[in-house]
Amino acid sequence: AIGLISNALLIFLSLRFSKQNLGSYKYLIMIFACYDMYLTVLHATITPRVFNFGTVFTLHSENFPDNTWMTMIYVAAFTVPFALTNINFLHRYWAVKK
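Residues numbered from 1 in each chain as written. Predicted model: local features only at pLDDT ≥ 70, side-chain atom pairs only at ≥ 80, totals over all residues. Heavy atoms only, no water.

Draft legend 1. Layout of the overall build of the protein chain. Per the secondary structure count, the protein chain includes four helices and two strands. Counted from the first residue to the last, the protein chain has its helices and strands arranged as α-α-β-β-α-α. Relative to its length of 98 residues, the protein chain is extended, with a C-alpha radius of gyration of 17 Å against a globular reference of 13 Å. Overall, the protein chain is about 50 × 30 × 20 Å in size when its C-alpha atoms are taken along their principal axes. Taking all 98 residues of the protein chain together, 20% fall into the buried category. Within the protein chain, residue pairs in contact and separated by at least 24 positions form 49% of the contacts whose partners lie at least 6 positions apart. A total accessible area of about 7500 Å² is found for the protein chain, and carbon and sulfur atoms account for 70% of it. (Helix = DSSP H or I, 4+ residues; strand = E, 2+ residues; numbered from the N terminus. Rg over C-alpha atoms; globule rule 2.2 N^0.38 Å. Buried < 20%, exposed > 50% of the residue type's maximum accessible area, 1.4 Å probe, protein only. Contact = heavy atoms within 4.5 Å. Areas by Shrake-Rupley, 256 points an atom, 1.4 Å probe, with all protein chains shown as cover.)

Put into structure tokens, the structure is as follows:
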């Protein structure tokens, strides 16, 4: 609930109070917030459990123990924030370079 509320607040504040000079960076912030809301709901739905075995770990869903697709979707969904972070750094680099 905290993740949904705080990200919804971030979206509201960026839409309502962001200055004009932020430009497209405002939309990048909103994409981060929307995707974080999606990950929060996905995490609550799947309820993942991680088991560590030395240097190897495994993950399975507590709510869908026989469905491997749900676990794969969950793991794949966590790669998107890394790509968004790269876009964020590129945006900042291009903005500073100007």
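Moving on, there is more to tell.
Draft legend 2. Just the nonpolar core, in detail. Grouped together as the largest cluster of nonpolar side chains are seven residues: Y35, L39, L42, I46, Y74, A77 and L84. At four residues, helix α2 (residues 25-46) tops the list of elements feeding residues into this core. Among all residues touching L39, those that are not within four sequence positions of it are A77, F78 and P81. (Core = buried A, V, L, I, M, F, W, Y, C linked by side-chain atoms within 4.5 Å.)

Draft legend 3. Spatial organisation of the environment of V96. Checked against the element boundaries, V96 lands in helix α4 (residues 80-97). Overall, the relative accessible area of 71% leaves V96 in the exposed class. Considering only alpha carbons, one finds V96 and L28, 68 residues apart in sequence, at a separation of 16 Å.

Draft legend 4. Region of the structure containing the pattern of salt bridges. Following the criterion strictly, the structure yields one salt bridge and no others. Taking the shortest distance from any N to any O, the salt bridge between E62 and R49 comes out at 2.8 Å. Remark: R49 occurs in strand β1 (residues 48-53) and E62 occurs in the loop between β2 (56-61) and α3 (68-77); sequence separation between them is 13 residues. Residue classification places R49 among the partly exposed residues on the basis of a relative accessible area of 36%. (Salt bridge = Lys/Arg side-chain N within 4 Å of Asp/Glu carboxyl O.)

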